[in-house]
Number of protein chains: 2
Amino acid sequence: MSSADTDTSRRVTIRDIADATGVAPSTVSRALSLPDRVNHATQQRIQQAARELGYVPNSQARALTSGRTRAVAVLVSDITNPFYFDVIRGTQHQLSAAGWTQLLVDTEESAEAEVAALSAVAGKADGAVLTASRLSDAQIARFAERTPLVVVNRRPPGVPSVLIDTPGGVEQAVQHLVSLGHRDVLYVAGPDSSWSNERRWRALVRVAKRLGVRVARIGPHAPFVDSGAAAADAAVHAGATACIAFNDLIAIGMLTRLRERGIRVPEDMSVVGCDDIFGADFCNPPLTTMTSPIERAGRVAIRMLLGRLDALPADEVPGEHASGAVALPTHLTVRGSTGPAPARPR
Amino acid sequence: MSSADTDTSRRVTIRDIADATGVAPSTVSRALSLPDRVNHATQQRIQQAARELGYVPNSQARALTSGRTRAVAVLVSDITNPFYFDVIRGTQHQLSAAGWTQLLVDTEESAEAEVAALSAVAGKADGAVLTASRLSDAQIARFAERTPLVVVNRRPPGVPSVLIDTPGGVEQAVQHLVSLGHRDVLYVAGPDSSWSNERRWRALVRVAKRLGVRVARIGPHAPFVDSGAAAADAAVHAGATACIAFNDLIAIGMLTRLRERGIRVPEDMSVVGCDDIFGADFCNPPLTTMTSPIERAGRVAIRMLLGRLDALPADEVPGEHASGAVALPTHLTVRGSTGPAPARPR
DNA sequence: GTGAAAGCGCTAACAA
DNA sequence: TTGTTAGCGCTTTCAC
């Protein structure tokens, strides 16, 4: 049923190549992993044979001896959230470009699951990217001692991180609202456990003070579209005419609820989201939001991690220091969901 | 800096446990992997020690001897497409429930990348799920001989598959349009390389014939929101009053374009999508679409695969035969994008 | 029921 | 430059 040559069912190993080319297995190993340390001619012969025999290196065996898996784990807190899709897209892209494997783990918003994953993953991957960790800075730092880590949207001391500069976006958003005549802004908060949530709120308070804008806050709200309904009701009850929501999911949910209640956006209420996820441009009305380079954050995180693992030339690694932070700029994308303040406060 | 006991920097191995408990490494191995084949008392002692020492099995070493990685690869053709998010969510869920690892691979719509990934993955995973493969049935079957495979929305002979019954959904969609007075339906085709695309078109032709509806087809269109603009223009040019789009991405893009052009949906044109992805409910107007159990498809695919790998009790494995197909029902979700046919054909 | 020993496929000293 | 020799941590015969 198969061709006349050797057994088809067994995978080709470096031994097979060694036999075929008349060299020692170690030479084959070198020819494949450190080509410069082998006579050019034999190197060619070996690689040729490898190709002909259909050799595929056994990554398990390789990992066992070298201690390196050429895989990295990417932990997300909720695989359901479109924000992470973009992150994953970025990490995936950068990893496959480097020939590495991505292990995707959903921690489901649970710190225990995160700890479990991080411990389990230690042997399976050479490093990990934490997006939206639910752990304390100290815990993260502790794990980082054993496993190279890069965190997104967190700033644990000593651990390299990628920050999306939403505070900068908040400033633009408030200025935009001010330019439309708004003097009151309501912050629709996300989960208390979110680092970004506090960061955005503080940025809002700071900017508002400077621009003479009054701010208030409602929440916390879970980061789902469905949470938007309650948020919208609360915003209306608070008499708000301009809201900045923790993220686009909540903002989109608010839009839907406001429409149901006959409250016009932006005529009666302006809504600003955060992140510019898939859907923010085609919801109704289209959402003004802080566009974050989410995919880029994923790519940068991987580049930093690969840099730390010496798997990337130094000049391709972002950030000056190994434990430094890289901040990616955000910009406001104005769409239909924001408009002039109503003539008189309601 | 660390506690007084042994070296902190090295990972705990079964040898350490063996030393600590005074048994042989092989006994530790058994106690951990095949607990029934060990004296209950010593088994307890060993597991206790393992816990105390913080033992984490080295999956590489385990894989090397056992030949099993307890990981599965999930290949998607475009990680950008929200359809796959739901699939990934399903696979991730089912895998982590079983304590397995998910390797996520984006083949970027390329058959070569898929082949490369499939070969590379062979050693890293015990099996793979192909969602939207770009390979031929024969190629898939060939890979399936070496690596346990489950395919989604394909039907290569001999390879277990999970099918989302969009033909059934097409029937409901056409009946819905007929009930609104439409007698002409335009199919807005997806990519030629898509198996589902042909399947949906054929189902449409069949149903239309039975119900006395005229059908036409435009396309192919790439499965992106951005493709929807050209599709909408073509549909308008064709004088269509009711369209069924290959998927929601195209349908949402059409909605946007029609609105730009001042063509009212559903008054001037009814649009039906397919899949019910994230966003279909909050686009403008909300999209009537065939709701597919996408996440469930992912879960079912993993269960079938784990079943084939003997990693799941037989009674939890869907489908009668190892190489059978499981079809998941679809249903039509009617929202604002469909309405009565215009009084007279335009 | 438990231990000794071999070896999975590969890499990394160390010699030659 | 190449071959020899040891393992990496674990599972798995095969004895005992």
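Please refer to the structure placed before this passage.
To keep things clear, this report deals only with the structure shown in the data block. Since the model is a prediction, treat every value here as computed from it, not as a measurement.

Cut-off values and rules
- Residues numbered from 1 in each chain as written.
- Chains lettered and ligands numbered in written order.
- Predicted model: local features only at pLDDT ≥ 70, side-chain atom pairs only at ≥ 80, totals over all residues.
- Heavy atoms only, no water.
- Least-squares fit on C-alpha atoms with pLDDT ≥ 70 in both.
- Contact = heavy atoms within 4.5 Å.
- Pairing = 2+ DSSP bridges.
- Helix = DSSP H or I, 4+ residues; strand = E, 2+ residues; numbered from the N terminus.
- Axes fitted to C-alpha atoms, helices over the stretch in contact; angles between N-to-C directions.
- Disulfide = S-S within 2.5 Å.
- Buried < 20%, exposed > 50% of the residue type's maximum accessible area, 1.4 Å probe, protein only.
- Near = heavy atom within 4 Å.
- Polar contact = N/O pair within 3.5 Å; in protein donor to acceptor, adjacent residues only side chain to side chain.
- Nonpolar A, V, L, I, M, F, W, Y, C, P; charged D, E, K, R; others polar.
- Parallel < 35°, antiparallel > 145°, perpendicular 65-115°, else oblique.
- Left-handed = near helix turned anticlockwise from the far one by under 90°.
- Phe/Tyr/Trp six-rings, centres within 6.5 Å; stacked < 30°, edge-to-face > 60°.
- Buried area = accessible area lost by both parts, 1.4 Å probe.
- Salt bridge = Lys/Arg side-chain N within 4 Å of Asp/Glu carboxyl O.

Attention now moves to the relation of the copies chain A and chain B. Taken as rigid bodies, chain A and chain B are interconverted by a rotation of 180° and an axial shift of 0.1 Å, the fit giving an RMSD of 0.2 Å. Taken together, the rotation and translation relating the two chain copies correspond to the operation of a two-fold axis. Comparing interface residues between copies, 100% of those in chain A also sit at the interface in chain B, which points to an isologous, same-surface contact.

Here the focus is the sheet that holds strand β12 (residues 331–333) of chain A. Residues and elements named next belong to chain A. Strand order in the open sheet made by the six strands is β7-β6-β8-β9-β10-β12, with mixed pairing throughout. Strands with a single pairing partner mark the edges of an open sheet, and in this sheet they are β7 (214–218) and β12. Neighbour-to-neighbour, the strand axes of the sheet open up by a mean angle of 25°, direction not taken into account. Pairing geometry for strand β8 (residues 242–245) and strand β9 (residues 270–275), over three bridges, is parallel. In the strand pairing of β9, Cys 243 is matched with Val 271. Against the sheet, helix α10 (residues 227–237) touches β6 (184–188), β7 and β8, its axis set at about 140° to β7.

Let's shift gears to the state of the cysteines. Scanning the model with the defined rule gives zero disulfides over all chains in all. The thiol of Cys 283 of chain A is unpaired, and the distance to the nearest cysteine sulfur, on Cys 283 of chain B, comes to 9.8 Å. On the accessibility criterion, Cys 283 of chain A (3% relative accessible area) is buried. Summary of cysteine pairing: Cys 243 of chain B is not part of a disulfide, and the nearest cysteine sulfur, belonging to Cys 274 of chain B, is at 14 Å. In this structure Cys 243 of chain B comes out as buried when scored by relative accessible area, which is 0%.

Here the focus is the environment of Arg 15 of chain A. Residue and element names in this part refer to chain A. Mapped onto the secondary structure, Arg 15 falls in helix α1 (residues 14–21). Residue Arg 15 is classed as exposed on the basis of its relative accessible area, which comes to 53%. Sequence separation between Arg 15 and Ala 73 is 58 residues; the distance between their C-alpha atoms is 31 Å.

This paragraph deals with unusual backbone geometry. With omega at 5°, the peptide bond leading from Gly 219 of chain B into Pro 220 of chain B counts as cis. Counting through the fold element by element, Pro 220 of chain B comes out in the loop between β7 (214–218) and α10 (227–237). Even without a glycine there, the phi angle at Glu 108 of chain A is positive, about 50°.

Further remarks concern the pairing of strand β5 (residues 161–164) of chain B. Residue and element names in this part refer to chain B. Of the two faces of β5, the one lined by Ser 161 and Leu 163 and the one lined by Val 162 and Ile 164 are each fully buried. Across two bridges, strand β4 (residues 149–152) lies against β5 in parallel orientation. Paired with Val 152 across the strands is Val 162, a residue of β5. As paired strands, β5 and strand β11 (residues 325–328) are joined by four bridges and run parallel to one another.

Time to look at the protein's contact with DNA strand C. For DNA strand C, the set of nearby residues contains 25 residues, the closest of which are Ile 14, Ser 29 and Tyr 55 of chain A together with Thr 27 and Asn 39 of chain B. Near-protein atoms of DNA strand C (within 4 Å) split between backbone and bases, with sugar and phosphate holding 61%. One nitrogen or oxygen atom from the main chain of Ala 61 of chain A is found 3.5 Å from a base nitrogen belonging to DNA strand C. Within the side chain of Thr 27 of chain B, an N or O atom sits 2.5 Å from a phosphate oxygen of DNA strand C. Listed by contribution, the elements that provide at least two residues to the surface near DNA strand C are α2 (25–33) and α4 (59–66) of chain A together with α2 (25–33) and α4 (59–66) of chain B. Grouping the amino acids of the surface near DNA strand C by side-chain chemistry returns nine nonpolar, twelve polar and four charged.

In a packed pair of helices, the relevant descriptors are the angle between the two axes and the axis-to-axis distance. Residue and element names in this part refer to chain B. Between α10 and helix α11 (residues 248–260), the least distance of the axes is 7 Å, while the angle of their chain directions is 65°. In terms of orientation, α10 and α11 fall into the roughly perpendicular class. Of the two possible hands of crossing, α10 and α11 adopt the one that is right-handed. Two secondary-structure elements touch here, α10 through Gly 228, Ala 229, Ala 231, Ala 232, Asp 233, Ala 235 and Val 236 and α11 through Ile 250, Gly 253, Met 254, Arg 257 and Leu 258. Of the residues belonging to the contact of α10 with α11, the class tally is eight nonpolar, two polar and two charged.

All names here are of chain A. Structurally, His 182 is set in the loop between α8 (166–179) and β6. By relative accessible area, His 182 is classed as buried at 1%. There is a polar contact of 3.5 Å between the side chain of His 182 and the side chain of Thr 241. The contacts of His 182, once residues within four sequence positions are left out, are Leu 177, Thr 241, Ala 242, Ser 270, Gly 339, Pro 340, Ala 341 and Pro 342.

Turning to the packing of aromatic side chains, a few remarks are in order. Under the definition given, this model contains eight aromatic pairs over all chains. Each ring, one from Phe 83 of chain B and one from Tyr 84 of chain B, has its centre 5.3 Å from the other, and the planes form 90°; the classification is edge-to-face. The rings of Phe 278 and Phe 282 of chain A together with Phe 278 and Phe 282 of chain B are connected pair by pair, giving a single aromatic cluster.

Here the focus is the sheet that holds β5 of chain B. Strand order in this open sheet of twelve strands is β11(A)-β5(A)-β4(A)-β3(A)-β1(A)-β2(A)-β2(B)-β1(B)-β3(B)-β4(B)-β5(B)-β11(B), and the pairing throughout is mixed. The sheet is open, and its two edges are formed by β11 (325–328) of chain A together with β11 of chain B, each paired on a single side. Taken pair by pair, the neighbouring strands of this sheet meet at an average axis angle of 20°, ignoring direction.

Between chain A and chain B, the residue contacts involve 41 residues of the former and 42 residues of the latter. Between chain A and chain B, the buried area comes to about 3500 Å², and carbon and sulfur atoms account for 61% of it. On the chain A side of the interface with chain B, the three residues burying the most area are Gln 60, Phe 278 and Phe 282 of chain A, jointly 20% of the side's total. Linking chain A with chain B are zero salt bridges, by the criterion used here. Linking chain A with chain B are seven residue pairs in polar contact (both at pLDDT 80 or more). Secondary structure elements with two or more residues in the side of chain A that touches chain B: α4, α5 (82–97), β2 (101–106), α6 (111–124) and α11 (248–260) of chain A. Per-class residue counts for the side of chain A that touches chain B are 19 nonpolar, 16 polar and six charged. For β2 of chain A and strand β2 (residues 101–106) of chain B, the ladder comprises three bridges, and the chain directions are antiparallel. Paired with Leu 103 of chain A across the strands is Leu 103 of chain B, a residue of β2 of chain B.

Before going further, it helps to spend a moment on the protein's contact with DNA strand D. With respect to spatial proximity, 25 residues lie near DNA strand D, and among them Ser 26, Thr 27 and Thr 65 of chain A together with Ile 14 and Tyr 55 of chain B are the closest. Across the atoms of DNA strand D situated within 4 Å of the protein, the share located in sugar and phosphate is 58%. Measuring from a phosphate oxygen of DNA strand D, one finds a backbone N or O atom of Asn 39 of chain A at 2.7 Å. Contact distances for DNA strand D include 3.5 Å between a base oxygen and a backbone N or O atom of Thr 65 of chain A. Contributing elements (two or more residues each) for the surface near DNA strand D: α2 and α4 of chain A together with α2 and α4 of chain B. A class-by-class count of the residues in the surface near DNA strand D yields nine nonpolar, twelve polar and four charged.

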